[in-house]
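This is what each chain is made of:
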Amino acid sequence: MILTLKQGATDQQIKQIEDTAKEFGFIPEVSRGREKTIILIKGENAILTRDKFEAFEAVDFITRISEPFKLVSKKWKEKTVVDIDGEKIGDKKIALMAGPCSVENMVTTMKTAEEVRKTGNTPFFRGGAFKPRTSPYSFQGMGEEGLKILKEISLKTGMKIVTEAMDVRQVELVEQYGDILQVGARNMQNFELLKECGKAKIPVLLKRGFSNTVTEFLMSAEYVASEGNTDIILCERGIRTFSDFVRFTLDVSAVPVLKANTHLPVIVDPSHPAGKREFVEALSLASVAAGADGLLIEVHINPEKATSDGAQTVSPAQYAGIVDKVSRVAEALGRQV
Ligand code: PEP
Ligand code: MN
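The rules behind the values
- Residues numbered from 1 in each chain as written.
- Chains lettered and ligands numbered in written order.
- Predicted model: local features only at pLDDT ≥ 70, side-chain atom pairs only at ≥ 80, totals over all residues.
- Heavy atoms only, no water.
- Buried < 20%, exposed > 50% of the residue type's maximum accessible area, 1.4 Å probe, protein only.
- Helix = DSSP H or I, 4+ residues; strand = E, 2+ residues; numbered from the N terminus.
- Pairing = 2+ DSSP bridges.
- Right-handed = clockwise from strand over helix to strand, strands pointing away.
- Donors = N, O, S within 2.8 Å, 3.2 Å for Na, K, Ca; no water.
- Arc of directions from axis to C-beta.
- Contact = heavy atoms within 4.5 Å.
- Axes fitted to C-alpha atoms, helices over the stretch in contact; angles between N-to-C directions.
- Phe/Tyr/Trp six-rings, centres within 6.5 Å; stacked < 30°, edge-to-face > 60°.
- Lys NZ or Arg CZ within 6 Å of the ring centre and 35° of its normal.
- Near = heavy atom within 4 Å.
- Polar contact = N/O pair within 3.5 Å; in protein donor to acceptor, adjacent residues only side chain to side chain.
- Areas by Shrake-Rupley, 256 points an atom, 1.4 Å probe, with all protein chains shown as cover.
- Nonpolar A, V, L, I, M, F, W, Y, C, P; charged D, E, K, R; others polar.
- Domains from an automatic or database assignment.
- Buried area = accessible area lost by both parts, 1.4 Å probe.

## Overview of the pairing of strand β7 (residues 95-99)
In step 1: Most of β7 sits inside the fold, with five of its five residues counted as buried.
In step 2: The two faces of β7 match: Ala 95, Met 97 and Gly 99 on one face and Leu 96 and Ala 98 on the other face are all buried.
In step 3: In this sheet, strand β14 (residues 294-298) lies alongside β7 in parallel orientation, the contact comprising five bridges. Its bridge partner being in β14, Ala 95 is matched across the sheet by Gly 294.
In step 4: Judged from the two bridges that link them, β7 and strand β8 (residues 124-126) form a sheet pairing that is parallel. The residue of β8 that forms the bridge with Ala 98 is Phe 125.
In step 5: Following the chain from β7 across helix α3 (residues 106-118) to the adjacent parallel β8, one finds a crossover that is right-handed.

This is the structure in structure tokens:
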């Protein structure tokens, strides 16, 4: 069960609750979030002692949650809107995130950002400075130099930066330069990285591992939330199946399934499952029709020359065409881009 505390609960009050939980043989986990402090009481039949905890002055309300994921469960909270200086994810507006797979130099990355910014008022620029590549001989990303380019783009265009940390040691750096910390598919179950992201002061964009179930995905989000950071955006990006004409199979059903089970916003990356730019539009439309709160699309000023993932990357003009169609689907559903 989860005890949601009243605002202003003191350390002493929290300690009393923790001590009581321990006396019962339960494991209390305190999570001090930006908005409220909660205590997760772990242990079999903890709910049977509910009245003991209700008696504490500092306890606002108690939620019983039977699923293995608790803090990210819809049973605890109806909806989370991640708000970065007024740019929201999980609200009525479809959050558009676009940019190249990799940050490769100032000129092309800045030009891409300027083009993308004009389209549908895209508020988020996405580019990787640390790249998880299948081969150690492929371009590994520009590292901190790339982060500096992203920061400059943010200052010039006003766009918020989404960028990946692949390792615990990179989290602080990404926090310093970026606005949203991406955890890539291959790291979805890097639990130490997830815990570190849970301590970060910026929201986390968690991508689904391509061989992971929805439950495992939510448990990974729970790792982040359990450290105090509940500003998490879930991103479906395709899973491995026997389908051989696309790079991955976009699990469109994951969108409504996730939205039924968690309060967190759910976005879709249509580029990685598509594998080829010609399919990105259809997957974008399907995702928004299924209820996605946002899209993360790979765009490059000159896709054929992109350092990574060029085949699935669209040009700014193609991106504008996709956004135009997406806006019509969104409007049909009472949403907007
Ligand atoms: C990416 O976003 O460029 C990327 C590497 O994605 P994923 O982790 O989903 O493969
Ligand atoms: Mn990519």
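## Concerning unusual backbone geometry
In step 1: Residues other than glycine seldom take positive phi values, yet Asp 85 does so here, at roughly 45 degrees.
In step 2: Looking at the element boundaries, Asp 85 is found in the loop between β5 (82-84) and β6 (87-89).
In step 3: Take Asp 85: its relative accessible area is 67%, and that puts it in the exposed class.
In step 4: Phi at Asp 309 is positive, roughly 55 degrees, even though this residue is not glycine.
In step 5: Mapped onto the secondary structure, Asp 309 falls in the loop between β14 and α11 (316-332).

## Observations regarding the coordination of the manganese ion (ligand 2)
In step 1: Donor atoms from the polypeptide that bind the manganese ion (ligand 2) are Cys 101 (SG), His 272 (NE2), Glu 298 (OE) and Asp 309 (OD), placed at 2.1 to 2.4 Å.
In step 2: Of note, the manganese ion (ligand 2) draws all its donor residues from one chain, in the sequence arrangement C-x170-H-x25-E-x10-D. With His 272 in helix α9 (residues 271-274) and Asp 309 in the loop between β14 and α11, this residue pair connects regions lying 37 residues apart in the sequence. In this structure, His 272 and Asp 309 share a single accessibility class: buried.

## Re helix α6 (residues 191-198)
In step 1: All buried positions along α6 are accounted for by Leu 193, Leu 194, Cys 197 and Gly 198. Seen along its axis, α6 keeps its buried residues to an arc of 145 degrees; they face one direction.
In step 2: Where α6 is buried, its residues touch α5 (168-177), β10 (180-183), β11 (204-207) and α7 (214-226).

## Some thoughts on the sheet that holds strand β2 (residues 27-32)
In step 1: Within the open sheet, the four strands sit side by side as β2-β3-β1-β4. Their pairing is antiparallel. Each having just a single partner strand, β2 and β4 (59-63) make up the two edges of the open sheet. Averaged over all pairs of adjacent strands, the angle between their axes in this sheet comes to 20 degrees, without regard to strand direction.
In step 2: Alignment of β2 against strand β3 (residues 37-42), held across six bridges, turns out to be antiparallel. Bridge pairing in β3 links Val 30 to Ile 39.
In step 3: Its contacts with the sheet put helix α1 (residues 11-23) on β1 (2-5), β2, β3 and β4, and the angle it makes with β2 is roughly 155 degrees.

## Let's talk about the packing of aromatic side chains
In step 1: Tallied over the entire structure, the rule returns five aromatic pairs.
In step 2: A connected cluster of aromatic rings, assembled from ring pairs, spans Phe 24, Phe 26, Phe 53 and Phe 56.
In step 3: The ring of Phe 248 has Arg 237 sitting right over it, with the charged end atom 4.1 Å from the ring centre.
In step 4: Here Arg 240 stacks its cationic end above the ring of Phe 210, 4.6 Å away from the centre of that ring.

## Focus on the site of ligand 1
In step 1: Around ligand 1 sit Cys 101, Arg 126, Lys 131, Pro 132, Gln 182, Gly 184, Ala 185, Arg 186, Lys 207, Arg 237, His 272 and Glu 298, and those are all the residues in its vicinity.
In step 2: At 2.5 Å, a side-chain N or O of Arg 126 approaches an oxygen atom of ligand 1.
In step 3: One nitrogen or oxygen atom from the side chain of Glu 298 is found 3.2 Å from an oxygen atom belonging to ligand 1.
In step 4: For ligand 1, the protein covers 97% of the area, taking 300 Å² as the surface of the free molecule.
In step 5: When the residues that make up the shell around ligand 1 are grouped by side-chain class, the tally is three nonpolar, three polar and six charged.

## Section: the domain arrangement of the protein
Size of an interface, as often reported, equals the accessible area lost when the parts are brought together.
In step 1: Taken domain by domain, the protein comprises domain 1 (2-63) and domain 2 (82-332).
In step 2: Summed over both partners, the interface of domain 1 with domain 2 comes to about 380 Å²; 30% of that surface belongs to carbon and sulfur atoms.
In step 3: On the domain 1 side of the interface with domain 2, the three residues burying the most area are Glu 29, Ser 31 and Arg 34, jointly 73% of the side's total.
In step 4: Remark: the boundary between domain 1 and domain 2 carries zero residue pairs in polar contact (both at pLDDT 80 or more).
In step 5: Counted by class, the side of domain 1 that touches domain 2 contains no nonpolar, two polar and three charged residues.

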